[in-house]
Amino acid sequence: MSEDAKSPGPRTRNIIENQLFRRQRSLKLEALQRQRTLDSGDGVEGLGPDSEPFDKTHIVIIFTAKAKLRHCQDVEKIIQEFGIQTTLEIVGKTEKYLYLSASVDTLLRLADAAELEKMTTTNSMQKFNYGCISDFLLPGMSKDQILRYCEIPVLIKDVIQDGIKSYLQKGYIEDMFPLHDILYLTRFNWNLKRTKLPIEDIRNYFGSSIGLYFGFIEFYTKALIFPAVFGLLQVLFDLNISLVCSFYVIWTTIFLELWKRKCAGYSYRWGTIEMNSLDKPRSAYQGQMKPDPITGKMTLHYPMRYTYLQMYCISYPVVLGCVVAAGCFALYQFQIEAEVLADFGPDSWLLYIPVIVQSVLIAIFSWAYEKLATFLTNLENHRTRSQYDRHRVNKLMLFEIVNNFFSQFYIAFVLQDLRQLKYQLMMQLLVFQVLCIAQEIGIPLLAVLRQKYAEFRHREVAEEKLRSISDVPRYEQSFYESGLDEYHSTYEDYLQVCIQFGFVVLFAAVAPFAAIGALLNNIFAVHIDMWKLCNIFKRPFARRAKNIGAWQLAFELLSVMALLSNCGLLFLQPNVKDFFSHWLPSVPDLSFVIFEHLLLGLKFLIHKVIHERPRWVRIGLLKSDYETSQALKQLKKFKAEANKMA
């Protein structure tokens, strides 16, 4: 890239240039990797004698233009105090990079301090112990393979973030992120021969939170095959609605219970199954330093009463107001539609306009409310990331259910117009899928269209700068990836899947093709999500998670609502009303309660029969507890013998 394009001026923020850079550099990086293997540790052409190998740079810190050389050196000294290796490169007044790496020994010590769960040679999960490394060396494994790829940047970030916090607050540090591994990313390329996603590779690279999302979406997509086939049978053979209700009760319950088992297996293998509310506080948590009542270490503490006051006196009243406003908006839409019907008749195309406008506004309201829910949850100051995500999702789901499905419930059970319900559901689902497809495909398509333009702008690094750069490939990758968007969380992805699940199950009696549309959408969407994560976003710091959190409760809530709504649709049928009015003339509504309770009982029975953890996971946890207790006994015995000898 030319000197004028790089400095003075702000750093280029061009996603497409990054893609072009990757394609041009990937072959060179692969050649360098092979050369390192052949040379067995010898120097690599293009690297200085004192520079760190390119593939060992774990984190890049980029300084702002206001940061002076002394500020950069101060940050470097603070980081070095933790045993982290650093390389400071001053490319220009507006370009200052600090590359962080660490030896295997340092990383293993950090893993010990972080109490990471690792598999032992006895096939049980235990907290990693630096003093007993041999216990964690599985057959064919070396020391540098104990830690997963996603864990290394997090260990470094966690140990240095308190020391450099003041420099972040003063605006001397612009960004800090781990570099992508271009060779590793090839594992996630589209492969038509692959029948399932590489979940373990995804977890090893992006962390357990993102790994669980892709594990869930793969499991959910495969589970959609059953309602998709059932929907075809429902149309071809005009199946009874009571059979439809029974099928979806069984399917949703078995799907969610089997996912719990699948999720337990993932979290056990990944060492997150025993996470709790006493885990490490999130970075944005505020409080006073006090001794921890369990460990005795100095940690941040914030009175829970202030969190509860914020939640119940401010957050939830605001949420309730937004929910009421969303319901009133849906009712106002019906009033507009009634006026259009009265003025232009039932056959006018203008009747489509209110529904389309409502569907678009629903998406806009969801975006605005997500910002509000995030702001309110930030004020509540929850301690851990899992607590924060759970309370945030709880607020969002209350609003999203009303925002997306209130109109359908109003048409079905107040207006009792099944024809209008089918029309409303079809239009709203169509607009929802179109918006999702536009969001999933629009950005990649824009990238392809702008590719040719980026080729004209791409240049090699100016010769003057090569003298101050010890590792050109590392510098170029850091420069380009600094312009990518930051990946915040899996919230948007889970929300789309959750709303889609609602469209599939809530009114399945009148929407048999919804499952087919969801199945086809997910087959392509999951690969697009992976492509965006690998190419459009910076590599995120891994987040630990033991399950999908509050989203599990959201899916279970929609499952119960689907049972009630489909039973309600069944008893709106004229022949069903006449049948029960004939046999139970005094209490015809009692039959609805009996049938609904029978299905709830069936759902509860399935829930109890299917254990949420597989037997091998339960055995593994018990084995871990047994080994821990035996080790504690041996330690006490050793101390007693040592005291006698003293």
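Residues numbered from 1 in each chain as written. Predicted model: local features only at pLDDT ≥ 70, side-chain atom pairs only at ≥ 80, totals over all residues. Heavy atoms only, no water.

Identification of the protein as Anoctamin from Drosophila kikkawai is taken from an unreviewed UniProt entry. The record in UniProt for the protein states the following under Subcellular location (unreviewed entry): "Membrane". The record in UniProt for the protein states the following under Sequence similarities (unreviewed entry): "Belongs to the anoctamin family." (UniProt positions renumbered as here; feature names shortened; annotations may be inferred.)

Chemist: Describe the environment of valine 235, listing the residues and the values that go with them.
Modeler: Position of valine 235 among the secondary structure elements: in helix H10 (residues 225-237). C-alpha separation for the pair valine 235 and valine 510, spaced 275 residues apart in sequence, amounts to 10.0 Å. Contact partners of valine 235, with chain neighbours within four places excluded, come to Pro512 and Phe513. (Helix = DSSP H or I, 4+ residues; strand = E, 2+ residues; numbered from the N terminus. Contact = heavy atoms within 4.5 Å.)

Chemist: Give me the lowdown on the UniProt feature "transmembrane region" (unreviewed entry) in the protein, citing residues and values where you can.
Modeler: Listed under "transmembrane region" (unreviewed entry) in the UniProt record, and renumbered for this structure, are residues 210-233, 239-259, 314-334, 349-369, 429-449, 494-527 and 548-572. Taken end to end, residues 210-233 is 96% helix and 0% strand, and its first and last C-alpha atoms sit 36 Å apart. For the annotated span residues 548-572, helix accounts for 84% and strand for 0% of the residues, and the straight-line distance between the end C-alpha atoms is 36 Å.

Chemist: Let's hear about the confidence of the model for the protein: which residues, and what values?
Modeler: Confidence in the prediction of the protein, expressed as mean pLDDT, is 81, and 84% of residues score 70 or more. Considering each helix and strand of the protein separately, the mean pLDDT is smallest for helix H1 (residues 3-6), with a value of 37, and largest for helix H9 (residues 208-223), with 96. Per-residue pLDDT stays below 50 along residues 1-17; that stretch engages in 50 contacts with residues further than four places along the chain or on separate chains. Overall, residues 22-28 carries pLDDT values under 50, and its contacts beyond four positions in sequence, including any with other chains, amount to 15 contacts. (pLDDT = per-residue confidence, 0-100.)

Chemist: Before we move on, could you go through the packing of H9 against H10 and cite the residues and values that matter?
Modeler: Two numbers describe how H9 lies on H10: the axes approach to 4 Å, and their chain directions differ by 25°. Taken together, H9 and H10 sit at an angle that is classed as roughly parallel. Contact residues: Thr221, Lys222 and Ala223 in H9; Ile225, Phe226 and Pro227 in H10. Split into classes, the residues belonging to the contact of H9 with H10 amount to four nonpolar, one polar and one charged. (Axes fitted to C-alpha atoms, helices over the stretch in contact; angles between N-to-C directions. Parallel < 35°, antiparallel > 145°, perpendicular 65-115°, else oblique. Nonpolar A, V, L, I, M, F, W, Y, C, P; charged D, E, K, R; others polar.)

Chemist: So what's going on with the nonpolar core? Which residues, and what values?
Modeler: The tendency in soluble globular proteins is for nonpolar side chains to be buried as a group. The biggest cluster of nonpolar side chains holds 97 residues, and the ones touching the most others in it are Phe214 and Trp551. In terms of residue count, helix H11 (residues 241-269) provides more of this core than any other element does, twelve residues in total. Setting aside residues up to four positions removed in sequence, tryptophan 551 forms contacts with Val393, Met397, Tyr491, Tyr494, Leu495 and Cys498. In this structure, Cys150, Ile164, Tyr167 and Tyr172 belong to the second largest nonpolar core, which totals 35 residues. (Core = buried A, V, L, I, M, F, W, Y, C linked by side-chain atoms within 4.5 Å. Buried < 20%, exposed > 50% of the residue type's maximum accessible area, 1.4 Å probe, protein only.)

Chemist: Describe in detail the sheet that holds strand S6 (residues 173-178), supporting the description with residues and values.
Modeler: Backbone hydrogen bonds hold the strands of a sheet together, and the pairing may be parallel or antiparallel. Spatially, the four strands line up as an open sheet ordered S2-S3-S1-S6, and their pairing is antiparallel. A strand with exactly one partner marks an edge of an open sheet, and here the two such strands are strand S2 (85-92) and S6. This sheet shows a mean twist of 15° between the axes of neighbouring strands, independent of strand direction. Sheet topology places strand S1 (residues 59-63) next to S6; five bridges connect them, and they run antiparallel. Note that in S6 the partner of isoleucine 59 across the bridge is proline 178. (Pairing = 2+ DSSP bridges.)

Chemist: Account for helix H13 (residues 352-380), naming residues and giving values.
Modeler: Between its first and last C-alpha atoms H13 spans 42 Å; for 29 residues at 1.5 Å apiece the expected length is 42 Å, and the two agree. Phi turns positive one or two residues past the end of H13, at asparagine 381, with a value near 60°. (Expected span 1.5 Å × (residues − 1).)

Chemist: Could you give me a rundown of the packing of helix H4 (residues 104-114) against helix H5 (residues 151-160), with the residues and numbers involved?
Modeler: Look at H4 against H5: their axes get within 10 Å of each other, and the N-to-C directions meet at 70°. Judged on the interaxial angle alone, H5 and H4 are roughly perpendicular. For the pair H4 and H5, contact is made by Leu107, Leu110, Ala111 and Ala114 and by Ile152, Leu155, Ile156 and Val159, respectively.

Chemist: Kindly report on helix H18 (residues 472-481), identifying the contributing residues and their values.
Modeler: Every α-helix winds through 3.6 residues per turn, so residues three or four apart in the chain are directed the same way. Counting buried positions along H18 yields ten of ten residues, so the element is predominantly enclosed. Listed as buried for H18 are Val472, Pro473, Arg474, Tyr475, Glu476, Gln477, Ser478, Phe479, Tyr480 and Glu481. In this structure aspartate 471 caps H18, since a side-chain oxygen of it lies 3.3 Å from the backbone nitrogen of arginine 474. (Polar contact = N/O pair within 3.5 Å; in protein donor to acceptor, adjacent residues only side chain to side chain.)

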